[in-house]
Amino acid sequence: MKRSTDKNPVLLVHGIWDTTAIFDRVTPYLRELGWLVYSLDLIPNDSSVGLDKLAEQVANYAEAVFGRDRPFDLVGFSMGGIVSRYYIQRLGGIERVQRFVTISSPHNGTVTAYALNLEGSLQMRPKSPFLQDLNRDAVDMLGRINFTSMWTPFDMMILPAHSSKMPVGREIELPVLVHRWMVSDRRSLNAVARVLSEPVKNTKPAQLTPQI
């Protein structure tokens, strides 16, 4: 298999109660297409600590694996999408990440988060201060990179399902019947590969030609 030199490495970030095993379809699929794919186990994975603390694990992993300067692409599933957003928007990831995909992530909260009275779950409740803070500058910050939100209207983990939509970037709606299937359904895999293949958005200011 030949790897394309213009492909960024990809980091996958899982959701609540998951491990890297949730990506056992995504990882080989992307590797077969030529991407270098990485993932990490968030510890703990049960929302008993804040998502900001989990985002620090993403930051540390990215620096350890990719160094301080190499750009990479980021894919976050469910809670992992919010963890990834915190890394991008609050921990400097905006300077590293060029393509960012969230899959069935509770950008505007989910009522299922009321089931647990844990720090991470509190942050994922609708209108939580944590999400309100992230959403305050989301359009400005995520608009600077290739951002895509993927979701399914049949999601029973993210309630309401349209909470996974964002007012910035590209939106991909897929008729996938189960939350977890969003990282195994062939349509999802194809969509992720297409997004990761897109040219990177140029956010640098244009250079002015000197007047002679």
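First, a word on scope: everything that follows refers to the structure included in this document. Just so it is clear, the model here is predicted, and its values are computed rather than measured. (Residues numbered from 1 in each chain as written. Predicted model: local features only at pLDDT ≥ 70, side-chain atom pairs only at ≥ 80, totals over all residues. Heavy atoms only, no water.)

## Re the overall build of the protein
Phase 1: Helix and strand counts for the protein stand at 7 helices and 6 strands.
Phase 2: Order of helices (α) and strands (β) in the protein, N terminus to C terminus: β-α-β-α-β-α-β-α-α-α-β-β-α.
Phase 3: For the C-alpha atoms alone, the extent of the protein along its principal axes is close to 65 × 40 × 35 Å.
Phase 4: Taking all 212 residues of the protein together, 50% fall into the buried category.
Phase 5: Taking as baseline every contact in the protein between residues at least 6 positions apart, the subset at least 24 positions apart corresponds to 72%.
Phase 6: Counting only carbon and sulfur atoms, one obtains 53% of the accessible surface of the protein, whose full area is about 10400 Å².
Phase 7: A gap of 5 Å separates the mean positions of the 24 positive and 21 negative side-chain charges of the protein. (Helix = DSSP H or I, 4+ residues; strand = E, 2+ residues; numbered from the N terminus. Buried < 20%, exposed > 50% of the residue type's maximum accessible area, 1.4 Å probe, protein only. Contact = heavy atoms within 4.5 Å. Areas by Shrake-Rupley, 256 points an atom, 1.4 Å probe, with all protein chains shown as cover. Lys, Arg positive; Asp, Glu negative; His and termini not counted. Charge placed at Lys NZ, Arg CZ, Asp CG, Glu CD.)

## Some remarks on the packing of aromatic side chains
Phase 1: Per the counting criterion, the structure on display carries 5 aromatic pairs.
Phase 2: An angle of 85 degrees between the planes, with centres 5.2 Å apart, marks the rings of Y38 and F66 as edge-to-face. Highlighted residues: Y38 in strand β2 (residues 37–40) and F66 in helix α2 (residues 51–66), separated in sequence by 28 residues.
Phase 3: Ring geometry for F72 and Y87: centres 6.3 Å apart, planes at 25 degrees, overall stacked. Taken as a pair, F72 in strand β3 (residues 72–77) and Y87 in helix α3 (residues 79–90) lie far apart in primary sequence, 15 residues in all. Both residues of the pair, F72 and Y87, count as buried.
Phase 4: Counting every residue linked through ring pairs, the aromatic cluster contains Y38, F66, F72 and Y87.
Phase 5: The lysine or arginine in question, K7, covers the ring of W35, its NZ or CZ lying 4.7 Å from the ring centre. (Phe/Tyr/Trp six-rings, centres within 6.5 Å; stacked < 30°, edge-to-face > 60°. Lys NZ or Arg CZ within 6 Å of the ring centre and 35° of its normal.)

## A closer look at the pattern of salt bridges
Phase 1: Within this structure, the stated rule accounts for 10 salt bridges.
Phase 2: Among the salt bridges present, the one from D18 reaches R180, with a minimum N-O distance of 2.8 Å. On the criterion of sequence distance, the pair formed by D18 in the loop between β1 (10–13) and α1 (26–32) and R180 in the loop between β6 (170–173) and α7 (186–196) is long-range, its members being 162 residues apart.
Phase 3: Here E63 makes a salt bridge to R68, at a shortest N to O gap of 3.0 Å.
Phase 4: Classification of R68 by relative accessible area gives exposed; the value is 65%.
Phase 5: A single salt-bridge network, built from bridges that share partners, covers R90, D133, R136 and D137. (Salt bridge = Lys/Arg side-chain N within 4 Å of Asp/Glu carboxyl O.)

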